[in-house]
Each structure stands twice: as structure tokens, then as C-alpha cells.
Amino acid sequence: MILYDKPECPFCWKVRLALHESGYAAELIDSQDLEHRSHWQALTPKKTVPVLVTDGGDVIYESNVILEYLAETGNALLPATPGARIQARLLNSYSDTVVGPALREIIFEKRDRPRDAWDMDRIKAGELAFEEALDYLAAQLGQSDYFATEYSFPECALTARFGLAEAYGAPIPDRYGNLQRWFKRMKQRPSYRATEPSWKAT
Ligand SMILES: N[C@@H](CCC(=O)N[C@@H](CS)C(=O)NCC(=O)O)C(=O)O
């Protein structure tokens, strides 16, 4: 399989984790290399990465559709029971639509401007929104090892988000002990070391 990738993209990192946890090997191609750009952009009407080209030649360009494909064809990533599957999908969506936009305010501001030009109000708003999301996620996790009975979509999605948050100076605050312990366990998995970006930009 081939994955058109961007190391610091949270959707790509989620997919890299999902591939690794499913036991798939994929050739990673950096989508930002000019020599590859027109090729992968021709594969997707959205012009976004990740884009996965399967062994059978199928092209999948939405990270969540890629995750569904990996769950269907492998034997990891979704729990056994319908209720837990719903929880896995809902929290994956929550990561994309709530956690992601909160962190974007912090990460884009810090990544795109020199430190002395940072808009601290924007960063603070991002931090507050991130913490609101953490309140919800801490309640969802409780004292469980995983968000939905076993390693599944939210582990991939939130590991990537928390990894980016930490790299950009927004680690999980100490009052979220259960989330901190969960993230520590995720970082100890071989998939984390195998997929973590090299943080060129930070
Ligand atoms: N809903 C899409 C979002 C993907 C997305 O927004 N990717 C961004 C990078 S994080 C992108 O490809 N931007 C265009 C580019 O980098 O050329 C998915 O889940 O795959």
C-alpha cells in the first residue's frame, strides 16, 4: 500500500498509527515533495492528505474512510460489540471536530508566526477550548484503559492530537490524571515511536 502523507498532519498521523496497529506495512510518500504533489492531488477531489492507495489499487482520500477500510480488512481498530463501536466512532469524530479545531488555534499561531508576534488571545482561546474538550474526554475514559473497551479509532485519533498538543506547548494538564496515564501508555506502544513526526517545525 502507499500512503501519501504529511508528517505533522493529525489526520495522517492517525492513519499511520492505524496502519501500524493493524500490522500493515505501507510505503509513506511525503505529499509536500514537489515531485509527488500533482500525482496525489490528481487522486483526490479534496486535495487533502492522507490518501491511501491499497494493494488492489483502490484510492481512499478521507482519513475516517481509511480507518474503516483498515478495520474491515484487518482484525484491529474496532471493538467487538455494537455499543463500543458506536463509542469508538463518536470519539473519533469528536477528536476531528472538537479537539482538532481547539488545537488549531494554538498550533497554527505558534507554527506560522515568530514567537514575538504570537496572538496570545488566540492561543488562550485554543487552550480553553482544549481543556473543555479534555473535561469531556476525561469523563468518557473514566478509569478504563481504552476509550471503547479496547484499542480502537479514538486511540489513533487522540494520540495524534495529544502528541501535537504536547509538541506545541499544550500538554495534558495534571488535573486530568486519567488522560495523562492513558497518553503515557499510548506513547509506550511501538506504534508511537514508529509514527511520531520528527518535529522539524518546533
Ligand atoms: N477530512 C480530511 C481532512 C484532511 C486534511 O485537512 N488534511 C490537510 C493537512 S492536515 C491537507 O491535506 N491540507 C492540504 C495540504 O497540506 O496540501 C481527512 O480526514 O482526511
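Worth saying up front: this structure is predicted, and the values here are computed from it rather than measured.

The rules behind these values
- Residues numbered from 1 in each chain as written.
- Predicted model: local features only at pLDDT ≥ 70, side-chain atom pairs only at ≥ 80, totals over all residues.
- Heavy atoms only, no water.
- Helix = DSSP H or I, 4+ residues; strand = E, 2+ residues; numbered from the N terminus.
- Buried < 20%, exposed > 50% of the residue type's maximum accessible area, 1.4 Å probe, protein only.
- Phe/Tyr/Trp six-rings, centres within 6.5 Å; stacked < 30°, edge-to-face > 60°.
- Lys NZ or Arg CZ within 6 Å of the ring centre and 35° of its normal.
- Contact = heavy atoms within 4.5 Å.

S.K.: What is the right way to look at unusual backbone geometry in this model?
M.R.: Trans peptide bonds make up the majority, and among non-glycine residues the majority have a negative phi. Cis geometry marks the peptide bond from valine 49 to proline 50, where omega comes out at 10°. Relative to the helices and strands, proline 50 resides in the loop between helix 2 (34–41) and strand 3 (51–53). In this model, lysine 47 sits at a positive phi of 55°, which is unusual for a non-glycine residue. Relative to the helices and strands, lysine 47 resides in the loop between helix 2 and strand 3. Positive phi values are uncommon outside glycine, yet leucine 77 reaches one of about 85°. Structurally, leucine 77 can be placed in the loop between helix 3 (63–73) and helix 4 (82–112). Since its relative accessible area comes to 1%, leucine 77 is described here as buried.

S.K.: Sorry, what's going on with the packing of aromatic side chains here?
M.R.: Per the counting criterion, the structure on display carries seven aromatic pairs. Taking 4.7 Å as the distance between ring centres and 45° as the angle between the ring planes, the aromatic pair formed by tyrosine 94 and tyrosine 136 counts as tilted. With a gap of 42 residues between them, tyrosine 94 in helix 4 and tyrosine 136 in helix 5 (residues 120–141) connect regions that are remote in the sequence. Ring geometry for phenylalanine 130 versus phenylalanine 162: centroids 6.1 Å apart, planes at 70°, classification edge-to-face. With phenylalanine 130 in helix 5 and phenylalanine 162 in helix 6 (residues 153–167), this pair connects stretches of sequence that are 32 residues apart. Classification of phenylalanine 162 by relative accessible area gives buried; the value is 1%. Counting every residue linked through ring pairs, the aromatic cluster contains Trp13, Phe130, Phe147, Phe162, Trp182, Phe183 and Tyr192. The ring of phenylalanine 108 is capped by arginine 111, whose NZ or CZ atom sits 4.6 Å from the centre of that ring. A cation sits over an aromatic face here: arginine 161 above phenylalanine 11, 4.9 Å from the ring centre.

S.K.: What should I look at first to understand the environment of asparagine 92 in this one?
M.R.: By secondary structure assignment, the location of asparagine 92 is in helix 4. It is 19 Å that separates the C-alpha atoms of asparagine 92 and glutamine 143, two residues lying 51 residues apart in sequence. Dropping the residues within four chain positions of it, asparagine 92 is found in contact with Lys14, Asn64, Leu67, Phe153, Pro154 and Ala157.

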